[in-house]
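# Observations on the model geometry
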Amino acid sequence: MKLSVLNGPNLNMLGTRDPEQYGTDTLEDIEQLLVDTFPDDEMVFFQSNLEGELVEAIQSLLKSDVDGLIANFGGYSHTSVAIRDALDLLEIPIVEVHLSNIHAREEFREQTLTGSVASGIITGFGKHSYVLGVYAMERLLGNS
């Protein structure tokens, strides 16, 4: 299985940004966790704080050989029509993940525009949200 793992704004600051909410692991730690947990799968990682770069990364998947997308668009999950519209172009499964439980936070975080076009959303399990996202992708692709 080959997966694209996209991360949005401020996720490059994991480990130092609000550790009580997001934990002390860095984004690199999470990426390594995925590589170690799923050694037979190929992961292509990308992070950007810029909405347009994330849209371009999504659009590039239209001509790629990835089987699915694991995505944490951070704050853009709740606000970006542009990212949502780019996701809507994809014909591969999309699993949205969030480190924190978005339903136990501010009201504006409870809805995700991007989640409306995802196959499913995993939220609130810290770094393990990503691991659970890959397990969900295996199910979606019939690999388990």
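Notes on the structure in this doc start here. These numbers come from a predicted model, not from an experiment. Every chain's residues receive numbers from 1 upward, in the order its sequence appears when written. For this predicted model, a pLDDT threshold of at least 70 governs which residues receive local features, and a threshold of 80 or more governs which side-chain atom pairs are given and counted, while totals over whole chains, interfaces and linings are taken from all residues. Side-chain numbers here rest on the full set of heavy atoms in the structure, without hydrogens or water.

## Quick look at helix α5 (residues 81–88)
Throughout this description, buried means an accessible area under 20% of the type-specific maximum (1.4 Å probe, protein chains only), exposed means over 50%, and partly exposed covers the range between. The way it works is that DSSP assigns letters per residue, a run of H or I at least four long becomes a helix, a run of E at least two long becomes a strand, and they are numbered from the N terminus. Residues of α5 that are buried include every one of Ile 83, Ala 86 and Leu 87, and no others. When α5 is viewed along its axis, its buried side chains cluster within an angular range of 100 degrees and face the same direction. Contacts made by the buried residues of α5 are with α3 (51–60), β3 (68–72), α4 (76–79) and β4 (94–98). As used here, the arc is the angular range of directions from the helix axis to the C-beta atoms. The criterion used for residue contact is that any of the two residues' heavy atoms lie within 4.5 Å.

## Thoughts on a nonpolar patch on the surface
On the surface, a cluster of nonpolar side chains totalling about 300 Å² of accessible area is made up of Phe 125, Leu 132 and Tyr 135. Here Leu 132 lies in helix α6 (residues 128–141). Within the patch definition used here, like charges are joined within 9 Å and nonpolar side chains (Val, Leu, Ile, Met, Phe, Trp, Tyr) within 5 Å, considering only residues with over 30% relative accessible area and no salt bridge. Reported accessibility uses the Shrake-Rupley method at a 1.4 Å probe radius. Residues are deemed covered only where the shown protein chains occlude them. Salt bridge, as used here, is a side-chain nitrogen of Lys or Arg placed within 4 Å of a carboxyl oxygen of Asp or Glu.

## Quick notes on the sheet that holds strand β2 (residues 42–47)
Pairing is parallel in the open sheet, where five strands are placed in the order β2-β1-β3-β4-β5. Two strands in the sheet have a free side with no partner beyond their single neighbour: β2 and β5 (120–123). Neighbouring strand axes in the sheet, compared pairwise and without regard to direction, differ in orientation by 20 degrees on average. Two elements, β4 and β5, share four bridges in a ladder whose sense is parallel. Each residue of the ladder has a partner; that of Val 95, found in β5, is Gly 120. In this analysis an axis means a line fitted to C-alpha atoms, helices contributing only their contacting stretch, and an angle means the value between N-to-C directions, from 0 to 180 degrees. Contacts between helix α2 (residues 27–37) and the sheet are confined to β1 (2–7) and β2, with β2 contributing the most and set at about 165 degrees to the helix. Pairing between strands is defined by DSSP: at least two bridges between them are needed.

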